[in-house]
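# Survey of secondary and tertiary structure
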Amino acid sequence: MIKHLPANHSNNFIKLRNSLISATGKAIGDYNMIEEGDTVLVCMSGGKDSHAMLMILLALQERAPINFKLIAMNLDQKQPGFPADILPAYFEKLGIDYRIVEADTYSIVKEKVPEGKTTCSLCSRLRRGVIYTTAKELGANKIALGHHRDDIVETLFLNLFFGAKMKAMPPKLSTNDKQNIVIRPLAYCSEKDIASYARQMEFPIIPCDLCGGQENLQRQKVKEMLRVWELEQPGRVNNIFRAIGNVEPSHLADFNLYDFKNLSQAKPEDEDMLFGDIANEGAALSINNSDGTRIEFIRNT
């Protein structure tokens, strides 16, 4: 039996849960993430985010006006100390369709990456390949990952600071071979809310440091930067996320994205609001005198 609520839940928990379900449903609707007849492979690392994603998708599956299938998947990468029995037991308790995929990526990473170097990049590529192959094997046309709003914003700044590229994690993308669509249903959810939800649900959390790999220090620095910003001005992180979906190419500098070379006259939507429209918004001022090297504006009465 699927357990949607903890034993002694409060009204505040119900509000939090409903808020997360609503935000997830809105993201799914905004980006058309899940459609009639889809089979969604729900990638379960065992962390708080993937646990929350699975439970919220199960709740939405019950109330959605469309039919879609969920398959929970956990990848056992054969890391020493990995508690391989935890998630299968949990999935059995939930009574859901699941697959445990065994792939010894751990030994490959240890063989290929010199001691002391970060293993995350190679491990991620190997894991992605296994997930895509598994999705094809199971006939799943959608792959759900548990990245949330804060992950997306952190990735934006990592790419800005270290990749000189304005790029984040899209809520929905197509794989390189066009065989699968990757979705991030928690794109509108904050990490803080997900963490609170996961604590109260008492999910069987599996730690993420079993591989012994170095923690992504740059991501931790960006996370701390955003935490301080949020303390200084609550809502700032959400505004940054909203900005990712509210882009004005004519006010950036990518000439492959916007035709600056052939720009001769700006359209109304291209007007730079920092300066305003002198004919309208700036009508409080008008030229009073133009003489030699001086031009004088005065206030209109």
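Just so it is clear, the structure is predicted and the values come from calculations on it, not from any experiment.

### Observations concerning the overall build of the chain
When helices and strands are tallied, the chain shows nine helices and eight strands. Evaluated residue by residue, the chain yields a buried proportion of 38% over its 301 residues. Of the roughly 18,300 Å² that the chain leaves accessible, carbon and sulfur atoms contribute 52%.

### Structural notes on helix H7 (residues 191-201)
Among all positions in H7, only Glu191, Ile194, Ala195, Ser196, Tyr197, Ala198 and Met201 are buried. Packing partners of the buried residues in H7 comprise helix H1 (11-30), helix H2 (48-63), helix H6 (149-163) and helix H8 (217-232). Immediately downstream of H7, the backbone of glutamate 202 shows phi near 55°, a positive value.

### Quick look at the environment of leucine 263
Tracing the backbone through its elements, the reader meets leucine 263 in the loop between helix H9 (236-244) and strand E7 (285-291). In this structure the C-alpha to C-alpha distance between leucine 263 and serine 250, which are 13 residues apart in sequence, comes to 10.0 Å.

### Thoughts on the pattern of salt bridges
A side chain of one charge can pair with a side chain of the opposite charge if their charged atoms are brought near each other. Applying the stated criterion across every chain yields a total of 14 salt bridges. Put simply, arginine 99 and aspartate 97 hold a salt bridge, and the shortest N to O gap is 2.6 Å. When the shortest N-O distance is used, the salt bridge between arginine 219 and glutamate 154 registers 3.1 Å. Placement of arginine 219 in helix H8 and of glutamate 154 in helix H6 is noted, with a sequence separation of 65 residues between them.

### What to know about the nonpolar core
Ranked by internal contacts, the top residues of the largest apolar core, which has 41 residues, are Ile34, Val42, Leu54, Met55, Leu57, Phe91 and Tyr197. Going through the elements one at a time, H1, strand E1 (39-43), H2, strand E2 (69-76), helix H3 (86-94) and H7 are the ones with two or more residues in this core. A per-element tally of this core places H2 first, with nine residues. Setting aside its immediate chain neighbours within four residues, phenylalanine 91 contacts Met44, Leu54, Ala72, Asn74, Ile96, Tyr98 and Ile100. Formed by 14 residues, the second largest nonpolar core is a distinct cluster that contains Leu75, Val130, Ala135 and Val182.

### A word on the pairing of E1
For E1, the buried fraction is high: five of the five residues fall into the buried class. Because side chains alternate across E1, one face comprises the buried residues Thr39, Leu41 and Cys43, and the other comprises Val40 and Val42, equally buried. The sheet contact formed by E1 and E2 spans five bridges and is parallel. Across the sheet, residue cysteine 43 finds its bridge partner in E2, namely methionine 73. In terms of handedness, the path from E1 via H2 over to E2 forms a crossover that is right-handed. Where E1 and strand E4 (residues 142-144) come together, three bridges link them in parallel fashion.

### Here we look at unusual backbone geometry
Unlike most non-glycine residues, asparagine 32 shows phi in positive territory, near 50°. Position of asparagine 32 relative to the elements: it lies in the loop between H1 and E1. The backbone of alanine 164 sits at a positive phi, close to 50°, despite the residue not being glycine. Residue position: alanine 164 is located in the loop between H6 and strand E5 (172-174).

### Description of the packing of H6 against H8
Contact geometry of H6 with H8 gives a least axis separation of 9 Å together with a crossing angle of 115°. Judged by the twist between their axes, the crossing of H6 over H8 is right-handed. In this structure, H6 contributes Asp151, Val153, Glu154, Thr155, Phe157, Leu158, Phe161 and Phe162 to the contact, and H8 contributes Gln218, Arg219, Val222, Lys223, Met225, Leu226 and Trp229. Here the residues of the contact of H6 with H8 sort into nine nonpolar, two polar and four charged.

So, how was this worked out
- Residues numbered from 1 in each chain as written.
- Predicted model: local features only at pLDDT ≥ 70, side-chain atom pairs only at ≥ 80, totals over all residues.
- Heavy atoms only, no water.
- Helix = DSSP H or I, 4+ residues; strand = E, 2+ residues; numbered from the N terminus.
- Buried < 20%, exposed > 50% of the residue type's maximum accessible area, 1.4 Å probe, protein only.
- Areas by Shrake-Rupley, 256 points an atom, 1.4 Å probe, with all protein chains shown as cover.
- Contact = heavy atoms within 4.5 Å.
- Salt bridge = Lys/Arg side-chain N within 4 Å of Asp/Glu carboxyl O.
- Core = buried A, V, L, I, M, F, W, Y, C linked by side-chain atoms within 4.5 Å.
- Pairing = 2+ DSSP bridges.
- Right-handed = clockwise from strand over helix to strand, strands pointing away.
- Axes fitted to C-alpha atoms, helices over the stretch in contact; angles between N-to-C directions.
- Left-handed = near helix turned anticlockwise from the far one by under 90°.
- Nonpolar A, V, L, I, M, F, W, Y, C, P; charged D, E, K, R; others polar.

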